[in-house]
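Chain by chain, the residues:
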Protein chains: 2
Amino acid sequence: MLEIEIKVRVPDLQPIRERIRSSGAALLGEGVEYDAYYNSPERDFASTDEALRLRKADDYALLTYKGPKIGSGSFKAREELNIRVESLDTMDMLLQRIGFQKTAHVKKYRESYRIGQATVTLDTVENLGTFAEIEAAAELSQEEAELEIEKIAKEYGISGERLTLSYLELLLEE
Amino acid sequence: MLEIEIKVRVPDLQPIRERIRSSGAALLGEGVEYDAYYNSPERDFASTDEALRLRKADDYALLTYKGPKIGSGSFKAREELNIRVESLDTMDMLLQRIGFQKTAHVKKYRESYRIGQATVTLDTVENLGTFAEIEAAAELSQEEAELEIEKIAKEYGISGERLTLSYLELLLEE
């Protein structure tokens, strides 16, 4: 699956949240997400622009691989593989046994909405700030995805600095 | 979890199966298991005596790490980490993306029974033969585990060559 999205640093999530809620958009989920990132013993994922992440959400654990970013401009596209796993703690141990080291953590409060052919997430990231992300549905072409994203950004007032760095990269930069 | 077990090459599973069934032991499961083994890009798991395995069973997918064998004599003990995963195909792709290579396959028909404080499995392994395994419950001490295993081996006629090699190692030896 190729993920096409924008991430926007916003000063305040509340006006965006209000517009979304008054539009009647479906809340897909909300809660605290705690992400641990791992580095490979064989190559440095920070250099190869890859990421291996284990996420603890309220009611599930998710292992994710992200390939190098291939986006242009303010859009970001990258391969993303997601697998729900039964046990976070056992998966963490297994990754360490096969040589992967935990390098960083990101903790955030996230709420996600289904809007049009996209998912909009409002994030409050610990030690980093507030962000809105718009991710196009995987079945759209790149052109359709970018149009849908711009339409939603305009409609819900999601404007500000667009970032192609991940939260992990932003935190490591600070 | 430390797994303590014996693996016995048996000429015929049928007499063992009959004794088990007439004892009223509970069948835990049966079906075809298809195992893929992966090697690390950083170290050779055949040399370090580790294993990373992705199993496809009838109704679930299981990722397993096995640490180096630390058993003595005909008993085998090793650390084993098991995690059920949502998608076999995505997990296979993820392992390959993070540098692991699929090196071998093992296909077998397995039936498992709960007997006393152990699990007995009867395996018909493709290209290899028929085997019975007795694995003690994880909560037993090593001494209790070995006593329980010997008791069951005697009671159900599980006798023959005891092997400490895995099916993978036996297949690679052939």
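Residues numbered from 1 in each chain as written. Chains lettered and ligands numbered in written order. Predicted model: local features only at pLDDT ≥ 70, side-chain atom pairs only at ≥ 80, totals over all residues. Heavy atoms only, no water.

An unreviewed UniProt entry lists chain A under the name Class IV adenylate cyclase, with Methanocalculus taiwanensis as the source organism.

### Quick word on the pairing of strand S2 (residues 26-39) of chain A
All names here are of chain A. Rules: Pairing between strands is defined by DSSP: at least two bridges between them are needed. Only DSSP runs of H or I covering at least 4 residues are called helices, and only runs of E covering at least 2 are called strands; the numbering of each starts at the N terminus.
Of the strand pairs in this sheet, S2 and strand S6 (residues 101-115) are connected by 13 bridges, and their pairing is antiparallel. Its bridge partner lying in S6, Tyr 38 is registered against Lys 102. In terms of strand pairing, S2 meets strand S3 (residues 51-56) through 5 bridges, oriented antiparallel. The residue of S3 that forms the bridge with Tyr 37 is Arg 53.

### A closer look at the relation of the copies chain B and chain A
Rules: The least-squares superposition of copies is restricted to C-alpha atoms, and to residues with a pLDDT of at least 70 in both copies.
With an RMSD of 0.0 Å, chain B superimposes on chain A once it is rotated by 180° and translated 0.0 Å along the axis. The transformation just described matches what one would write down for a two-fold rotation axis. If distances are taken from each C-alpha of chain B to the rotation axis, the shortest is found for Val 85 of chain B, at 2.3 Å.

### Quick word on the interface of chain B and chain A
Where interface size is quoted, it is often the accessible area lost as the parts come together. Our working definition: Whether two residues are in contact is decided by their heavy atoms, any of which lying within 4.5 Å being enough. The term buried area means the drop in 1.4 Å probe accessible area that two parts suffer when joined, counted for both and summed. A pair is scored as a salt bridge if a Lys or Arg side-chain nitrogen falls within 4 Å of a carboxyl oxygen belonging to Asp or Glu. For this analysis, a polar contact is any N or O atom pair within 3.5 Å, provided that within protein one partner can donate a hydrogen and the other can accept it, and provided that sequence-adjacent residues contribute only side-chain to side-chain pairs. Any residue outside Ala, Val, Leu, Ile, Met, Phe, Trp, Tyr, Cys, Pro, Asp, Glu, Lys and Arg is labelled polar, Gly included; the first ten of those are nonpolar and the last four are charged.
Tallying the contact residues gives 25 residues for chain B and 25 residues for chain A. Roughly 2100 Å² is buried in total at the junction of chain B and chain A, and carbon and sulfur atoms are behind 72% of that figure. In terms of surface lost to chain A, no three residues of chain B exceed Ile 83, Arg 97 and Ile 98 of chain B, which account for 27% of the buried area on that side. For the pair chain B and chain A, the number of links is 2 salt bridges. A salt bridge links Arg 97 of chain B to Glu 79 of chain A; the shortest N-O distance between them is 2.6 Å. Here chain B and chain A share 6 residue pairs in polar contact (both at pLDDT 80 or more) between them. Broken down by secondary-structure element, the contributors of at least two residues to the side of chain B that touches chain A are strand S4 (61-66), strand S5 (76-85) and helix H3 (88-97) of chain B. Per element, the largest residue contribution to the side of chain B that touches chain A is 6 residues, and it comes from S5 of chain B. Considered class by class, the residues forming the side of chain B that touches chain A number 13 nonpolar, 5 polar and 7 charged.

### Focus: helix H1 (residues 14-22) of chain A
All names here are of chain A. We count it as follows: Burial classes: relative accessible area under 20% of the type maximum marks a residue as buried, over 50% as exposed, and values in between as partly exposed (1.4 Å probe, protein chains only). When we speak of the arc, we mean the arc of directions from the helix axis to the C-beta atoms.
Every buried residue of H1 is accounted for by Ile 16, Arg 17 and Ile 20. Down the axis of H1, the buried side of the element spans an arc of 100°, and every buried residue falls inside it. Buried-residue contacts for H1 involve S6, strand S7 (118-125) and strand S8 (129-136). Two residues or fewer past H1, Gly 24 is found with a positive phi of approximately 80°.

### Description of the confidence of the model for chain A
Residues and elements named next belong to chain A. Quick note on the threshold: Values of pLDDT, ranging from 0 to 100, describe the predictor's confidence in every residue of the model.
Overall, the prediction assigns chain A a mean pLDDT of 93, with 98% of residues at 70 or greater. Per-residue pLDDT, averaged within each element of chain A, yields its smallest value for helix H5 (residues 167-173) (88) and its largest for S7 (98). Both scores are given for the predicted complex: the pTM is 0.82, the ipTM 0.82.

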